[in-house]
Amino acid sequence: GLQTTINRLHPYYTYECRVAAYTTREGVLSQPFNITTDQDAPSAAPENIRGHASGSTSIYLYWSPPPLQHRNGIISGYYIYVTEVITGTETEHTSTGLQTTINQLHPYYTYECRVAAHTTREGVLSRP
């Protein structure tokens, strides 16, 4: 055929390709051309997640992005999941940077926070 599919490639990786026709012998190789695979979800969670109270009803969170080899594309933002420990009520927040302030929390409540990076797809959640 005049087409083929190559599997098991890395996400968001640029490959240099060349094509040659053959019969009983290999023909002349084409000029090289580049193909970039699509982005995928990050395969690791953000790292070094830290936070502290920034008021009686708010917390300030900050983190590092997932390791480069696990980003699988361009990190376009982060989902932050904040869970009230006593009730289990979870809220979702977003950030385009490496930090955020979560407001409108209950004073003296304990919260668990998890962070996931995303490209075109959501990646792995951090541990609470």
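Please refer to the structure placed before this passage.
The model shown is predicted, which means the values in this text are computed figures rather than measured ones.

A. The arrangement of the overall build of the protein chain in detail. Across its full length, the protein chain carries zero helices and nine strands. For 128 residues, the compact-globule formula gives about 14 Å, and the C-alpha radius of gyration of the protein chain, at 22 Å, lies well above that figure. Along the first, second and third principal axes, the C-alpha atoms of the protein chain reach 80 × 20 × 20 Å. Across the protein chain, the fraction of contacts at a sequence separation of at least 24, relative to all contacts at a separation of at least 6, is 54%. Accessible area for the protein chain stands at about 9300 Å²; split by element, carbon and sulfur atoms hold 49% of it. A gap of 10 Å separates the mean positions of the 8 positive and 10 negative side-chain charges of the protein chain.

B. Focus on the nonpolar core. Ile 59, Leu 61, Trp 63, Tyr 78, Ile 80, Val 82, Ile 102, Leu 105, Tyr 111, Cys 113, Val 115 and Ala 117 form the largest nonpolar core, which has 12 residues in total. Elements represented by at least two residues in this core include exactly β4 (58–64), β5 (77–84) and β8 (111–118). Setting aside residues no more than four positions away along its own chain, Trp 63 makes contact with Pro 46, Glu 47, Asn 48, Ile 49, Tyr 78, Ile 80, Ser 95, Gly 97, Leu 98, Gln 99, Thr 100 and Val 115.

C. Looking closely at the sheet that holds strand β6 (residues 90–95). With antiparallel pairing, the four strands of this open sheet are ordered in space as β6-β5-β8-β9. The sheet is open, and its two borders are formed by β6 and β9 (122–125), each paired with just one other strand. Here the strands of the sheet are splayed against their neighbours by 25° on average, with no regard to which way each runs. Strand direction decides the pairing type here: β5 and β6, joined by six bridges, are antiparallel. When the sheet's bridge partners are listed, Thr 83 is paired in β6 with Glu 90.

D. Broad picture of the layout of surface pockets. Computed from the structure, the largest pocket encloses a volume of approximately 410 Å³. Lining the largest pocket we find 15 residues, and of these Thr 4, Ile 6, Cys 17, Val 19 and Ile 35 sit closest to its centre. Taken together, the elements giving at least two residues each to the lining of the largest pocket come down to β1 (14–17) and β2 (33–36). Considering only residue class, the lining of the largest pocket consists of nine nonpolar, five polar and one charged.

E. Region of the structure containing the side chain of Ser 126. By the secondary structure assignment, Ser 126 is in the segment after β9. Residue classification places Ser 126 among the buried residues on the basis of a relative accessible area of 7%. At 2.8 Å, the side chain of Ser 126 and the backbone nitrogen of Val 115 are in polar contact. Discounting residues that sit within four places of it in the chain, Ser 126 has contacts with Ala 45, Pro 46, Ile 49, Cys 113, Arg 114 and Val 115.

F. The environment of Thr 87, seen in detail. The residue Thr 87 is located in the loop between β5 and β6 in this model. Taking C-alpha positions, Thr 87 is 71 Å from Arg 25, a pair spaced 62 residues apart along the chain. Among the polar contacts made by the side chain of Thr 87, one reaches the side chain of Glu 84 at a distance of 2.8 Å. A polar atom in the side chain of Thr 87 sits 2.9 Å from the side chain of Thr 89.

Reading the values: rules and limits
- Residues numbered from 1 in each chain as written.
- Predicted model: local features only at pLDDT ≥ 70, side-chain atom pairs only at ≥ 80, totals over all residues.
- Heavy atoms only, no water.
- Helix = DSSP H or I, 4+ residues; strand = E, 2+ residues; numbered from the N terminus.
- Rg over C-alpha atoms; globule rule 2.2 N^0.38 Å.
- Contact = heavy atoms within 4.5 Å.
- Areas by Shrake-Rupley, 256 points an atom, 1.4 Å probe, with all protein chains shown as cover.
- Lys, Arg positive; Asp, Glu negative; His and termini not counted.
- Charge placed at Lys NZ, Arg CZ, Asp CG, Glu CD.
- Core = buried A, V, L, I, M, F, W, Y, C linked by side-chain atoms within 4.5 Å.
- Buried < 20%, exposed > 50% of the residue type's maximum accessible area, 1.4 Å probe, protein only.
- Pairing = 2+ DSSP bridges.
- Axes fitted to C-alpha atoms, helices over the stretch in contact; angles between N-to-C directions.
- 1 Å grid on protein atoms, 1.4 Å probe; cavity = no way out; pocket = protein on both sides within 12 Å on 5 of 7 lines; lining within 4 Å.
- Points joined across faces, edges and corners; volume = space filled by probe spheres on them.
- Nonpolar A, V, L, I, M, F, W, Y, C, P; charged D, E, K, R; others polar.
- Polar contact = N/O pair within 3.5 Å; in protein donor to acceptor, adjacent residues only side chain to side chain.

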